[in-house]
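Here are the chains, one letter per residue:
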Amino acid sequence: MTGSERVAVQASHSRRFRKRKRVKLKRSRGKRREHAIVSPLVKKYWLQRYNLFSRYDEGVKLDEEGWYSVTPEEIAIRHAEMCRGRTVIDCFAGVGGNAIQFAILCHHVVAIDIDPQKIALAFHNAKIYGVADRIDFVVGDFFQLAPSLKGDIVYLSPPWGGPSYKMIQQFNLDLLKPKDGYSVFQAAQRITPNIVMFLPRNIDLNQVEELSWLSSPPLHVEIEENHVDGNFKGITAYFGDVASRQA
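Residues numbered from 1 in each chain as written. Predicted model: local features only at pLDDT ≥ 70, side-chain atom pairs only at ≥ 80, totals over all residues. Heavy atoms only, no water.

1. Observations concerning the side chain of Asp113
Okay, step 1: The residue Asp113 is located in strand 4 (residues 108–113) in this model.
Okay, step 2: The buried charged residue Asp113 lacks any salt bridge, with Lys118 as its nearest oppositely charged partner at 5.7 Å.
Okay, step 3: Polar contacts involving the side chain of Asp113 include one to the main-chain amide nitrogen of Gly94, which spans 2.9 Å.
Okay, step 4: From its side chain, Asp113 meets the backbone nitrogen of Asp115 in a polar contact 2.9 Å long.
Okay, step 5: Setting aside anything within four residues of it in sequence, one finds Asp113 in contact with Phe92, Ala93, Gly94, Lys118, Ile119, Val138, Val139 and Gly140. (Helix = DSSP H or I, 4+ residues; strand = E, 2+ residues; numbered from the N terminus. Buried < 20%, exposed > 50% of the residue type's maximum accessible area, 1.4 Å probe, protein only. Lys, Arg positive; Asp, Glu negative; His and termini not counted. Salt bridge = Lys/Arg side-chain N within 4 Å of Asp/Glu carboxyl O. Polar contact = N/O pair within 3.5 Å; in protein donor to acceptor, adjacent residues only side chain to side chain. Contact = heavy atoms within 4.5 Å.)

2. Some points on the pattern of salt bridges
Okay, step 1: Taken as a whole and judged by the stated rule, the model has five salt bridges.
Okay, step 2: For Lys118, the salt bridge is made with Asp63, and the minimal N-O distance between the two is 2.8 Å. Note that Lys118 is positioned in helix 6 (residues 116–128) and Asp63 in the loop between helix 2 (49–52) and helix 3 (64–69), a separation of 55 residues in sequence.
Okay, step 3: Residue Asp63 is classed as buried on the basis of its relative accessible area, which comes to 12%.
Okay, step 4: Close ionic contact of Lys118 with Glu65 constitutes a salt bridge, the shortest N to O distance being 2.9 Å.

On their own, these measurements won't tell you what the molecule is for.
What follows is the structure, given as structure tokens:
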């Protein structure tokens, strides 16, 4: 296997290093949209637009927050591969980057966001990828909906607080939005113990490991580093049966 090393963390506190598979994407450029109007805040992300959506030139749309919060496509594919064949609930769907890849590889997807505009953008983008009919789009508050949701895997990529998260030496779970990471995780546990959580690259790994202790017995957990074009983008934590697929 090729790719960058990932850090695997067990609930037993043991740590080990492994190689992870890297996904190589064939990007379809189509008609180029070189003159898109973007704000100074998102210009650097616009320059990485094909890392975010390989089919960007076919009409993909993002709002300002979407530019800096959508999961890079290569990482979204990796997450979908780990959930292959299951029903996945994407609790903070945003403009649909993850939901689209889940729809390609998984049995079914429920994409939730509290912002109607983001759900509209996610639906639009899913149509470009030809998977809109495999996703249930829901406008709503995940925390209110959680007790009534059913699925095999819960996917959590809550807002990190904007690009300024990079300025923090060690990001902690209390800084996640709209609630702290512990509250987000506990809400997900009401649905299933099988949870995937995408977090900032500077997250406190000890806190991530602590999340597994919220269950009795503690959940198995595996943690990996996610890189795109050699750049460290984030940390993914797999809990429950999803972590077992990593072993």
